[in-house]
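Fold and geometry: a report
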Amino acid sequence: MLLAIVLAGQFMAVLDASVVNVAAPSIHAGLHASGAALQLVIAGYTIAYAVLLVTGARLGDLLGHRRMFLAGLALFTLASLGCGLASSSGLLIALRFIQGTGAAMMIPQVLSLIQRTFSGASRARAMSAYAAVLAGGVVVGQIVGGLLISANLFDTTWRPVFLVNVPIGVVLLVAGARQLPAGRAEAGRGLDLPGLLTLALAVLALVVPLVLGQPEHWPAWGWASLVGSVLLFAGFAAVERRLAARGGSPLVPGRVLRLPGVALGIVALFAVMTTFGGLFFTLALHLQGGLGDSPLRAGLTFAPSAAAFALVSLNWQRLPARVRPRLAIWGFAGMTAALLALAVVLHGGGSGGIALYVVLGVLGGAMACAFSPLMTAVLMRVPVADAADATGVIVTVNQLGLVIGVATFGTLYLNLAGSLPAQAGADAFRLLSAHAESATCAALALAAIAGGVVAQLRAVSIRRGGRPAAAARSVPVAEAPAGPSPLNTGAERT
């Protein structure tokens with residue numbers, strides 16, 4: 001029962017991160033939301049989740065994992081109700097930030113509760129179920145979103161996408177209050193409030209001008225904000241170094257980033273998630289706004305990519321050991337080829353036919369080849385004492401990658417396509433959208449190439465640096481806190 005409760009909460013959070021891609025065109029029509037507002041509806045959830053994730057984990061240590069899980073679930077459920085009833089795009093954006101805050105309080109406790117409740121073979125089975133939920137949430141999010149919007153229950157179009165969380169959340173709150181172990185608060189490592197504030201300001205200074213720059217015709221304040229974000233990130237690094245020198249516990253521990261292959265691995269993971277976020281956002285806009293697909297058909301279009309991602313993520317370690325160290329590089333190469341093929345398939349303004357599904361399936365598998373081995377390899381190099389901090393850093397960077405992908409490539413698409421039409425599938429916009437999406441896919445291919453270069457540099461640095469002694473006591477991935485993608489056990493060969 002405990003496992004079902006915490007995994008259902010995890011599933012809701014994963015689903016809500018992906019379902020809005022399909023709902024975006026309907027939100028645009030229902031609330032007359034601009035392209036920038038749509039980006040903030042999607043990115044707002046992820047920004048809050050990314051910035052507050054590590055702090056949510058530490059609050060679980062300080063206040064108790066059960067208490068934080070239930071508090072986060074309650075906030076997430078109330079915010080979902082507000083999102084479903086929102087009367088304006090501005091209110092919806094604000095509530096999406098609150099939703100992300102609830103997810104950041106709730107999700108870090110899932111793995112902690114599993115690890116403290118299960119052991120041995122039962123823990124391995126629980127971790128397999130956890131991985132399946134992470135993979136399935138992406139697939140189901142796209143399809144369920146399409147089903148709910150197409151059903152148009154009580155003439156509410158996109159609103160059930162959020163309202164469906166409310167009855168589920170209430171049931172989980174009642175069950176969780178009865179079934180989750182009370183536990184006790186642990187001696188926490190303390191909250192890094194200066195680091196949290198500086199990081200939040202740096203992320204906002206970077207993302208807001210990227211999202212609002214295009215519709216506002218790139219005003220001077222936007223450029224000033226981008227410059228300010230660089231200074232704020234530098235200030236964040238200084239704050240973290242100063243805290244570490246005093247013996248405190250910074251959000252980003254420098255010793256973890258200095259391990260061979262870790263920093264470059266995190267950069268490569270960032271490239272995967274940036275590509276993922278940019279593609280799913282812009283392609284959803286093109287399928288519904290440009291081609292006139294229904295939300296259900298658009299959701300089903302993503303199914304081959306999401307299913308291939310899940311299939312490869314869960315099975316890549318069945319490959320021979322000699323193959324695995326090169327999987328990430330091959331994955332980036334496959335991503336590049338698939339994105340260029342997608343640019344060709346969509347360029348003429350047609351539906352793409354079966355070729356579209358095949359290319360998206362290949363792309364999903366290639367993304368998993370790049371992401372899952374990298375995630376596993378990076379975590380396997382981290383000593384047990386630093387596992388929680390390292391996982392928080394990786395998950396945070398992954399979420400920021402999604403935000404930057406939506407903001408950067410969403411801006412490129414909207415800049416090339418122009419304003420979204422009032423009538424989906426209009427002939428005049430169809431070709432504009434196709435050209436914009438084709439160019440966006442080409443730009444995404446460049447991002448994949450850059451990720452492949454970083455992955456190759458990482459492989460070279462590992463061969464030169466060797467396996468650090470501390471990694472001999474590295475955390476078993478099957479028992480480590482996982483990121484936004486399924487992980488399996490296994491070690492990276494160097």
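Below is a short write-up of the structure. Note that this is a predicted model, so its numbers are computed, not measured.

**Considerations on the overall build of the protein chain**
Check the secondary structure of the protein chain and you find 17 helices and 0 strands. Looking at the 494 residues of the protein chain, the share that counts as buried comes to 57%. In the protein chain, once contacts between residues fewer than 6 apart in sequence are set aside, the share between residues at least 24 apart is 85%. About 18,600 Å² of surface is accessible on the protein chain, with carbon and sulfur atoms providing 68% of the total.

**Some remarks on the layout of surface pockets**
As a volume, the second largest pocket reaches approximately 490 Å³. Lining of the second largest pocket is provided by 21 residues; of these, Phe233, Ile266, Val393, Val397 and Leu400 occupy positions nearest its centre. For the lining of the second largest pocket, the elements supplying multiple residues, two or more each, are helix 2 (35-63), helix 9 (193-212), helix 10 (220-245), helix 12 (262-290) and helix 16 (387-417). No other element matches helix 16, which puts 5 residues into the lining of the second largest pocket. Of the residues assigned to the lining of the second largest pocket, the class counts are 20 nonpolar, 1 polar and no charged.

**Quick look at the packing of helix 12 against helix 13 (residues 295-315)**
The interhelical angle for the contact between helix 12 and helix 13, taken along N-to-C directions, is 140°, at an axis separation of 9 Å. The orientation of helix 12 relative to helix 13 falls into the category oblique. Crossing of helix 12 over helix 13 shows right-handed handedness. Along its contact with helix 12, which presents Phe280, Leu283, Ala284, Leu287 and Gln288, the element helix 13 presents Pro295, Ala298, Thr301, Phe302 and Ser305. Tallied by class, residues from the contact of helix 12 with helix 13 come to 7 nonpolar, 3 polar and no charged.

**Remarks on the environment of Leu232**
Among the secondary structure elements, Leu232 is positioned in helix 10. Assessed through its relative accessible area of 27%, Leu232 is described here as partly exposed. As for Leu232 and Leu199, which are separated by 33 residues in sequence, their C-alpha atoms are 7.4 Å apart. Setting aside residues no more than four positions away along its own chain, Leu232 makes contact with Thr198, Leu201, Ala202 and Ala205.

**Quick notes on the packing of helix 1 (residues 2-31) against helix 12**
Taken N-terminus to C-terminus, the directions of helix 1 and helix 12 make an angle of 45°; their axes are 8 Å apart at the nearest point. With respect to their mutual orientation, helix 1 and helix 12 come out oblique. Between helix 1 and helix 12 lies a crossing of right-handed hand. Across the interface between the two elements, Asn21, Val22, Ala24, Pro25 and Ser26 of helix 1 pack against Phe280, Phe281, Ala284, Leu285 and Gln288 of helix 12. Of the residues that constitute the contact of helix 1 with helix 12, the class distribution is 7 nonpolar, 3 polar and no charged.

**Comments concerning a nonpolar patch on the surface**
Together, Leu62, Leu63, Leu191 and Leu193 give the surface a local cluster of nonpolar side chains, amounting to about 320 Å² of exposed area. Along the polypeptide, Leu193 turns up in helix 9. By relative accessible area, Leu193 is classed as exposed at 52%.

**Some details on the pattern of salt bridges**
Here the structure, examined in full by the defined rule, presents 2 salt bridges. Between Asp16 and Arg96 there is a salt bridge, with the nearest N and O atoms lying 3.5 Å from each other. Of this pair, Asp16 sits in helix 1 while Arg96 sits in helix 4 (residues 89-106); the two residues are 80 residues apart in sequence, bridging distant segments of the chain. Assessed through its relative accessible area of 0%, Arg96 is described here as buried. A salt bridge links Asp293 to Arg297, with the shortest nitrogen-to-oxygen separation between them at 4.0 Å.

**Let's talk about the side chain of Glu240**
Looking at the element boundaries, Glu240 is found in helix 10. Here Glu240 falls in the buried class, since its relative accessible area comes to 4%. Ignoring any residue separated from it by four or fewer positions in sequence, one finds Glu240 in contact with Asp192, Gly195, Pro250, Leu251 and Val252.

Thresholds, definitions, all that
- Residues numbered from 1 in each chain as written.
- Predicted model: local features only at pLDDT ≥ 70, side-chain atom pairs only at ≥ 80, totals over all residues.
- Heavy atoms only, no water.
- Helix = DSSP H or I, 4+ residues; strand = E, 2+ residues; numbered from the N terminus.
- Buried < 20%, exposed > 50% of the residue type's maximum accessible area, 1.4 Å probe, protein only.
- Contact = heavy atoms within 4.5 Å.
- Areas by Shrake-Rupley, 256 points an atom, 1.4 Å probe, with all protein chains shown as cover.
- 1 Å grid on protein atoms, 1.4 Å probe; cavity = no way out; pocket = protein on both sides within 12 Å on 5 of 7 lines; lining within 4 Å.
- Points joined across faces, edges and corners; volume = space filled by probe spheres on them.
- Nonpolar A, V, L, I, M, F, W, Y, C, P; charged D, E, K, R; others polar.
- Axes fitted to C-alpha atoms, helices over the stretch in contact; angles between N-to-C directions.
- Parallel < 35°, antiparallel > 145°, perpendicular 65-115°, else oblique.
- Left-handed = near helix turned anticlockwise from the far one by under 90°.
- Patch = residues over 30% accessible without salt bridge, like charges linked within 9 Å, V, L, I, M, F, W, Y side chains within 5 Å.
- Salt bridge = Lys/Arg side-chain N within 4 Å of Asp/Glu carboxyl O.

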